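Residue-level structure breakdown
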Amino acid sequence: SVEPGTLIIVRHGDSVWNANKTFTGWADPDLSPQGYKEVEHAARLLLEGGYKVDVVFTSRLKRAIRSTWLLLKEMNEVYLPVFKSWRLNERMYGALTGLSKSETAERLGAELVQEWRGSLRSRPPPLSPADPFYPGRDRRHSDLSPEQIPLTESLLDCMERTKPVWRDKISYELAAGRNVLVVAHANTLRGLVKIIDGIGDDEIQDIAIPTGIPIVYKFDKDLNPIAPHPDQNAVTQVHMRGVFLEKPGLLKEAIKREQEWCANVPDFERIMNRPSTGMSPLERSLSKLEEIRKVQEWADQTKNISAEEEEDDGSDGKLTLVNQDEVWEKGILEVENGEYFDPDHPKFQLDNSEEEDETEDVIAAPLYNANDYIPCISAMPAANSVPGLGPIPVKREALIVMIRHGKTENNKLKLFTGWDDVGLAVEGVEEAKQAGKLLKLHGFEFDAVYTSWLSRAIETAWLVMDELDCLWLPIIKSWRLNERMYGDLTGLSKAMVQQRHGEKQFMAWRRGYAVKPPPVSSFSPQYPGNDMRYKKYLKDVRFSVSETLIRSIESKKFSLHRKLPKSESLKDCMDRTIPYFTNQILPEAVLKGKRVLIASSENAIRGLLMHLCDIPEDKISGLEIPNGLPIIFDLNSKCVKLLDDGTGRDPLDVHDFGSSAQYLFRPCKMEDGSYDETCDISFMSNATKDYISDADSEIIARIRGPAATKTA
């Protein structure tokens with residue numbers, strides 16, 4: 001039988017409304033600067049403890065989703081699947097949403113407000129559907145029925161809402177041996193804890209979930225939580241068997257002291273933020289953890305006990321920590337007094353009074369369509385330049401937007417990268433952000449996002465979504481959208497390869513359609529079979545007899561191994577990319593009229609454009625894909641479009657699309673033969689051809705190449 005997985009629960013970092021002591025609920029404020037630090041610190045605690053995650057669940061609210069991203073980024077695991085469920089949203093506070101807790105208590109009475117916050121069954125006044133905070137008008141909840149959208153909730157209502165996520169999703173993954181990370185909110189996590197630990201209705205009010213501190217659960221084969229061993233010296237909370245990875249309150253006190261010292265101690269900030277040159281990502285994280293711990297020690301030594309105040313971090317429960325040594329000392333005394341003591345199975349009153357919600361928890365995966373055309377430039381919407389003209393019209397039609405990831409340091413150094421998992425350079429981050437801003441200026445919205453398993457593409461998708469304020473969208477990640485695997489060339493500079501092997505061989509490897517570079521060995525760090533993401537999670541390719549034999553001999557036990565690429569030609573790359581588009585993206589999204597964003601690498605996007613634009617095989621290697629530029633394929637006119645950035649520059653002068661650009665950019669015609677009216681701007685093309693002499697037109701056609709001459 002499979003050993004159950006480990007459950008890690010983390011409450012999102014401090015939000016800007018937590019700091020303001022505001023009732024938040026289903027409202028969507030972002031993390032505060034302190035919240036960022038809390039979550040990054042939580043990730044370092046998990047790294048230090050050696051915890052591995054296989055699948056992630058979070059809510060549809062930004063503070064939880066961003067916390068998830070920060071955790072995975074720090075742990076270098078952004079490729080993991082993340083499921084965003086409304087059932088993990090915070091408790092709905094009804095008409096209290098957006099109100100100050102202290103001011104509300106002053107106006108209505110502290111006793112009444114505390115009853116709404118702390119009572120298990122008391123509900124605040126309901127939210128009106130006309131209220132600006134009503135979730136029914138929010139696109140992130142458009143898949144919910146009116147009955148599923150709460151107008152107000154008691155603590156018990158909120159906890160009941162989380163039950164199907166535990167029953168149908170989380171417990172299933174744990175039982176299958178997968179480690180689960182849940183990043184959510186105070187009251188939904190209390191709901192999970194109530195189910196897991198079998199906590200009674202009265203006792204659950206003694207439970208609080210602090211922001212940004214991982215709580216770890218281990219389970220027996222029946223998914224009963226296992227209490228920590230007395231030798232662990234673990235910090236737990238009353239009624240809970242989950243273990244805090246750090247005593248709550250330490251980091252917050254350290255952050256306060258750090259802010260004070262930054263202001264008063266010369267060079268303190270420079271010392272704390274000194275560059276960690278030569279360190280691996282893991283070493284950098286653990287080094288930062290040690291620095292923070294030193295600050296925690298200093299903070300503890302200089303703590304002003306008389307000035308302490310009880311802090312309201314937005315949780316409605318009371319935090320009562322339990323040191324496991326104290327539990328066992330108490331137990332020994334009970335045994336000596338002849339009393340029954342069982343720390344692994346305490347008895348709690350179970351709440352079966354309300355009927356369970358049997359509604360299936362559907363985690364929506366939206367979809368969309370696309371088109372493609374020549375120097376067709378969609379003009380900047382007038383609403384961006386004419387004050388008071390009104391909102392920018394949202395693009396409702398199905399379309400596909402493709403974006404090559406922002407620049408990496410490897411791109412800047414002209415290194416072969418392939419499946420090597422490098423991050424974005426500073427310029428690449430800015431390119432991705434600018435792409436998101438440009439799409440927002442033109443009124444783009446998306447229904448789903450597809451990307452690869454490579455961090456540079458995933459981060460590009462994330463940054464674009466962040467600018468569009470749609471982090472709640474599902475991100476579907478597939479290795480089939482990875483860059484071409486460059487084999488033994490990976491990590492080498494292009495100039496080095498050219499010098500060693502000659503121009504002819506270099507160009508054959510780089511630009512030949514069916515020529516593979518030299519393969520990597522089975523034990524090379526560049527071989528995907530030595531990367532945990534492919535070794536553990538890639539399931540849709542056949543097993544390899546030779547690799548299975550090699551791995552079995554090496555490990556001295558039978559070890560199945562899949563056939564992963566050791567090198568790929570451009571054709572090999574497209575043979576996995578194009579079928580993924582036609583068999584997955586097309587039926588799941590495009591044919592259902594969804595608006596799709598695809599963030600990937602150059603050769604994967606080449607494959608998509610080759611398929612969509614009918615680019616010949618012998619010409620596709622001549623197509624260049626600029627970093628961070630949105631390329632829109634319009635399904636109605638079957639045409640590639642670019643977006644006016646407001647500078648008045650011709651995108652073909654700014655961006656290099658290579659020698660095969662003419663196959664990408666063709667006149668955009670509708671099915672009835674008319675030109676696409678959304679091609680508002682033409683630089684030396686259709687709009688101006690009537691003012692150009694025949695001789696000049698012929699010269700322009702020659703410059704643009706045979707495809708332009710043919711279609712002119």
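Below: a short report on this structure. (Residues numbered from 1 in each chain as written. Predicted model: local features only at pLDDT ≥ 70, side-chain atom pairs only at ≥ 80, totals over all residues. Heavy atoms only, no water.)

Thoughts on the sheet that holds strand 10 (residues 399-404)
What the seven strands build is an open sheet, ordered 9-15-14-10-13-11-12; its pairing is mixed. The sheet is open, and its two borders are formed by strand 9 (377-378) and strand 12 (475-477), each paired with just one other strand. The pairing of strand 9 with strand 15 (residues 639-643) spans two bridges and is classified as parallel. Its bridge partner being in strand 15, Ile-377 is matched across the sheet by Leu-642. (Pairing = 2+ DSSP bridges. Helix = DSSP H or I, 4+ residues; strand = E, 2+ residues; numbered from the N terminus.)

Some points on unusual backbone geometry
A positive phi angle, close to 55°, is found at Asp-469, a residue other than glycine. The class for Asp-469 is partly exposed, based on a relative accessible area of 40%. Located in the positive-phi region is Asp-614, a residue other than glycine, with phi close to 55°. Its location among the elements puts Asp-614 in the loop between helix 19 (602-613) and helix 20 (617-620). Asp-614 sits in the exposed class, given a relative accessible area of 61%. (Buried < 20%, exposed > 50% of the residue type's maximum accessible area, 1.4 Å probe, protein only.)

A word on the environment of Ile-65
Counting through the fold element by element, Ile-65 comes out in helix 3 (residues 62-74). With a relative accessible area of 3%, Ile-65 lands in the buried category. Along the primary structure Ile-65 and Trp-472 are separated by 407 residues, whereas in three dimensions their C-alpha atoms are 7.2 Å apart.

Some points on the packing of aromatic side chains
Summed over all chains, the structure comprises 15 aromatic pairs. For the pair Tyr-79 and Tyr-537, a centre-to-centre distance of 6.3 Å together with 55° between the ring planes defines the contact as tilted. In this pair, Tyr-79 is assigned in the loop between helix 3 and strand 3 (82-84) and Tyr-537 in helix 16 (residues 532-537), connecting sequence segments 458 residues apart. With relative accessibility at 10%, the residue Tyr-79 sits in the buried group. Where Tyr-217 meets Phe-219, the ring centres are 6.2 Å apart and the plane angle is 20°; that geometry is what we call stacked. Classification of Phe-219 by relative accessible area gives buried; the value is 4%. One aromatic cluster in this structure is built from Trp-419, Trp-453, Trp-479 and Tyr-534. (Phe/Tyr/Trp six-rings, centres within 6.5 Å; stacked < 30°, edge-to-face > 60°.)

Here's the deal with helix 6 (residues 155-175)
If you check helix 6, its first and last C-alpha atoms are 28 Å apart, about what 21 residues at 1.5 Å a residue would give, namely 30 Å. Considering bend angle alone, the principal kink of helix 6 is centred on Trp-166 and spans about 45°. The element helix 6 is extensively covered by neighbouring structure, given that 16 of its 21 residues are classed as buried. (Expected span 1.5 Å × (residues − 1). Bend = angle between axes of the 7 residues up to and from the residue.)

These figures capture arrangement, not role.
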